Amino acid sequence: MGSGGSKKNLEPEDKWRERRPSVHELTNPPPQSIELVLCGICNRSFARDRIERHMDVCAKTKKNDRQEFDMKEKRLIGTEAANYKDVEYTSSSTKKDWKKTHDEIIKNIRAAKKDRPATAMPKEPELVIG
Ligand SMILES: [Zn+2]
């Protein structure tokens, strides 16, 4: 009736197939080391065998960033806006600062008006006839 035995021959072949590395794995191997190294430029951590490549790119990106930032700073130097160049990054605090400054100006004007000497008051023009 039965004539088994041939089924066993398939097993080694299946195992061999499983262990064969895929093409993707060969062209894009996973990191050799899982040890993370901190990038001194952007403070992000990368696998030890990737950090060198990353820093090369990261340095270039940082350079471009700096050039743009310097240009902006140079334009601000000597202007009133230079005082607020750090504020403009957070819009909420900018609004707050603006409101604060506005209120302070109003307060100062009111105080100045109160303390103004009588001689500074606007005089009514005298009409001299004759
Ligand atoms: Zn980096």
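What you see is a predicted model, and the numbers here were worked out from it, not measured in a lab.

Asks: Account for the overall build of the protein chain, naming residues and giving values.
Replies: Across its full length, the protein chain holds four helices and two strands. Reading the protein chain from its N terminus to its C terminus gives the helix and strand order α-α-β-β-α-α. Classification of the 130 residues of the protein chain by burial places 0% in the buried group. In the protein chain, once contacts between residues fewer than 6 apart in sequence are set aside, the share between residues at least 24 apart is 0%.

Asks: Account for unusual backbone geometry, with residues named and values stated.
Replies: Its identity as a non-glycine residue notwithstanding, Asn43 has a phi of 65 degrees, on the positive side. Looking at the secondary structure, you find Asn43 in the loop between β1 (36–38) and β2 (45–47). Since 7 C-beta atoms lie within 10 Å of it, Asn43 is described here as exposed.

Asks: I'd like a description of the environment of Cys39, backed by residues and values.
Replies: Note on placement: Cys39 falls in the loop between β1 and β2. Overall, Cys39 belongs to the partly exposed group, with 16 C-beta atoms counted inside 10 Å. Note: C-alpha distance between Cys39 and His54 (15 residues apart in sequence) is 8.1 Å. The contact partners of Cys39, leaving out residues within four places of it in the chain, are Arg44, Phe46, Ile51, His54, Met55 and Cys58.

Asks: Run through the environment of Glu52, naming residues and quoting values.
Replies: Tracing the chain through its elements places Glu52 in helix α3 (residues 48–76). Between the C-alpha atoms of Glu52 and Cys39, which are 13 residues apart in sequence, the distance is 9.0 Å.

Asks: Lay out the confidence of the model for the protein chain in plain terms, naming residues and giving numbers.
Replies: This prediction gives the protein chain a mean pLDDT of 73; 52% of its residues lie at or above 70. Element-level mean pLDDT values for the protein chain span from 57 in helix α1 (residues 10–19) up to 93 in β1.

Cut-off values and rules
- Residues numbered from 1 in each chain as written.
- Predicted model: local features only at pLDDT ≥ 70, side-chain atom pairs only at ≥ 80, totals over all residues.
- Helix = DSSP H or I, 4+ residues; strand = E, 2+ residues; numbered from the N terminus.
- Buried ≥ 20, exposed ≤ 12 C-beta atoms within 10 Å, placed from the backbone.
- Contact = placed C-beta atoms within 7 Å.
- pLDDT = per-residue confidence, 0-100.

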